[in-house]
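For reference, the chains in residue letters:
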Amino acid sequence: MKPQIKIFHIQENFAFDDFKHKIWCQAENVSLMKYWSGALAPLERRATARLLWTNSALMARFDCQQHEPFVINQNPQTDVEAEKLWERDVCEIFVAPDKNKSEKYFEFEVAPTGEWLDYAVTQLSDCREIDTNYDSGVKTTTQIFENSFSLIFRIEWEAFGKKPKIGDEWLGNLFRCIGTGTTRGYLAWQPTLTLEPNFHVPQAFGTLKFL
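These numbers were taken from a predicted model, which means no experiment stands behind them.

Peer 1: Explanation requested: the state of the cysteines in the structure shown.
Peer 2: Think of a disulfide as a covalent bridge from one cysteine sulfur atom to another cysteine sulfur atom. Evaluation of the coordinates by the stated rule reveals 0 disulfides. Cys 64 takes part in no disulfide bond, and the closest cysteine sulfur, belonging to Cys 91, lies 3.5 Å away. With relative accessibility at 2%, the residue Cys 64 sits in the buried group. Note on Cys 91: relative accessible area 0%, which makes it buried.

Peer 1: Explanation requested: the nonpolar core in the structure shown.
Peer 2: One finds Leu 58, Phe 62, Ile 93, Phe 153, Phe 160 and Leu 174 to be the most contacted residues of the largest nonpolar core, which totals 34 residues. In contact with Leu 174, not counting residues within four places along its chain, are Ile 5, Val 30, Leu 32, Ala 49, Leu 51, Phe 62, Glu 92, Ile 93, Leu 187, Ala 188 and Trp 189.

Peer 1: Sorry if this is basic, but what is going on with the environment of Asp 126 here?
Peer 2: Along the polypeptide, Asp 126 turns up in the loop between strand S8 (116–123) and strand S9 (128–131). When the C-alpha positions of Asp 126 and Gly 114 are compared, they lie 33 Å apart, and in sequence the two are 12 residues distant.

Peer 1: Is there a simple way to explain unusual backbone geometry in this structure?
Peer 2: The general pattern is negative phi for most residues beyond glycine and trans for most peptide bonds. One non-glycine residue, Asn 147, adopts positive backbone phi at about 70°. Asn 147 sits in the partly exposed class, given a relative accessible area of 34%. Of note, the phi angle at Leu 193 is positive, near 60°, even though the residue is not glycine. Relative to the helices and strands, Leu 193 resides in the loop between strand S13 (185–188) and strand S14 (206–210).

Peer 1: What am I meant to see in the pattern of salt bridges here?
Peer 2: Where charged atoms of side chains with opposite charge meet at close range, the side chains can pair. Tallied over the entire structure, the rule returns 9 salt bridges. The salt bridge involving Glu 169 is made with Lys 99; its shortest N-O contact spans 3.6 Å. With Glu 169 in strand S12 (residues 169–178) and Lys 99 in the loop between strand S6 (90–96) and strand S7 (104–110), this residue pair connects regions lying 70 residues apart in the sequence. Bridged by salt links that share partners, the residues Glu 12, Arg 154 and Glu 156 form one connected network.

Peer 1: What's the story with the pairing of strand S10 (residues 139–145) in this structure? I'm lost.
Peer 2: Two faces, one strand: in a regular strand the side chains alternate between the faces of the sheet. Taken together, the 7 bridges between S10 and strand S11 (residues 148–156) define a ladder with antiparallel strand orientation. Paired with Lys 139 across the bridge in S11 is Arg 154. With antiparallel pairing between neighbouring strands as the criterion, S10 and S11 make up a hairpin whose turn holds 2 residues, including Asn 147 at a positive phi of roughly 70°.

Peer 1: Quick question: what am I supposed to make of the side chain of Gln 66 here?
Peer 2: Counting through the fold element by element, Gln 66 comes out in the loop between strand S5 (57–65) and S6. Once residues within four sequence positions are removed from consideration, Gln 66 is found in contact with Glu 44, Asp 89, Asn 147, Ser 148, Phe 149, Arg 176 and Ile 178.

Peer 1: So what exactly am I meant to see when it comes to the packing of aromatic side chains here?
Peer 2: Given two aromatic rings, their pairing is described by the distance between the two centres and the angle made by the two planes. Applying the stated criterion to the full structure yields 20 aromatic pairs. Where Trp 157 meets Phe 210, the ring centres are 6.0 Å apart and the plane angle is 75°; that geometry is what we call edge-to-face. With Trp 157 in the loop between S11 and S12 and Phe 210 in strand S14, this residue pair connects regions lying 53 residues apart in the sequence. Given the relative accessible area of 3%, Trp 157 is considered buried. The exposure class assigned to Phe 210 is buried, which follows from its relative accessible area of 1%. One aromatic cluster in this structure is built from Trp 53, Phe 106, Phe 108, Tyr 134, Trp 157, Phe 160, Trp 170 and Phe 210.

Quick notes on the rules
- Residues numbered from 1 in each chain as written.
- Predicted model: local features only at pLDDT ≥ 70, side-chain atom pairs only at ≥ 80, totals over all residues.
- Heavy atoms only, no water.
- Disulfide = S-S within 2.5 Å.
- Buried < 20%, exposed > 50% of the residue type's maximum accessible area, 1.4 Å probe, protein only.
- Core = buried A, V, L, I, M, F, W, Y, C linked by side-chain atoms within 4.5 Å.
- Contact = heavy atoms within 4.5 Å.
- Helix = DSSP H or I, 4+ residues; strand = E, 2+ residues; numbered from the N terminus.
- Salt bridge = Lys/Arg side-chain N within 4 Å of Asp/Glu carboxyl O.
- Pairing = 2+ DSSP bridges.
- Phe/Tyr/Trp six-rings, centres within 6.5 Å; stacked < 30°, edge-to-face > 60°.

Structure (C-alpha cells):
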C-alpha cells in the first residue's frame, strides 16, 4: 500500500495569501525530512507541507527551515514563468490525476521569491517528454523570515483537466531543493532512491486522498 496524504475539503472563504488563517490547522502535516536517497536531512534543512482542496482549486503550503544563504534570483519576475528554477532554492509538487497513468503528471515549482514554473510531463522508460507551453495559471504567495520561509501554491482544477470527488485518489510527490554545489540538498516526501538526484520517478509517488 502506498504512503498517503489526506487532503481535506474546505470552503474557499479566506484570502489566498493569509498565512495565519486557522484553516491551515485542518490540513495534515507532511514531513519532508529525507533526501531523495533516503538519508535523513539535518533539522535546519527540513520542511513541512500541507494540502487542502476547495471546489475550485488545490492548495499546497510549504513551511521550510532555511539556516543558510538563499539561492535565489536577486531580480525575480513573478508575472512570467521562470527558467531553470530547479537550479535554485525551490519547493515542488508533482501531481498525477490518473492513478493508472502515473507516468503522466504535472510539475509545479515555487521559489521563496514567488517565482514559479509549471510543466506537463510524460515520463517514458527511456526519455522524458515535457510540455513547456503548458499554462496552469498557478498562483503563488510567499513570506521570508529569519531562518525560514513559507509559500503557497493555488492551482485551479482546469489545470489538471479534471476535478476530484470526495474519496478519489490521485498520485504525487513533494520535494524541496536547497543549497548549491556539492552541498546542494534534494529533499522528498517519498524518496526516489535513485543513484543520482532525480525527482522524476513516478513509481515512487504516494497517494493523494481527497476527503
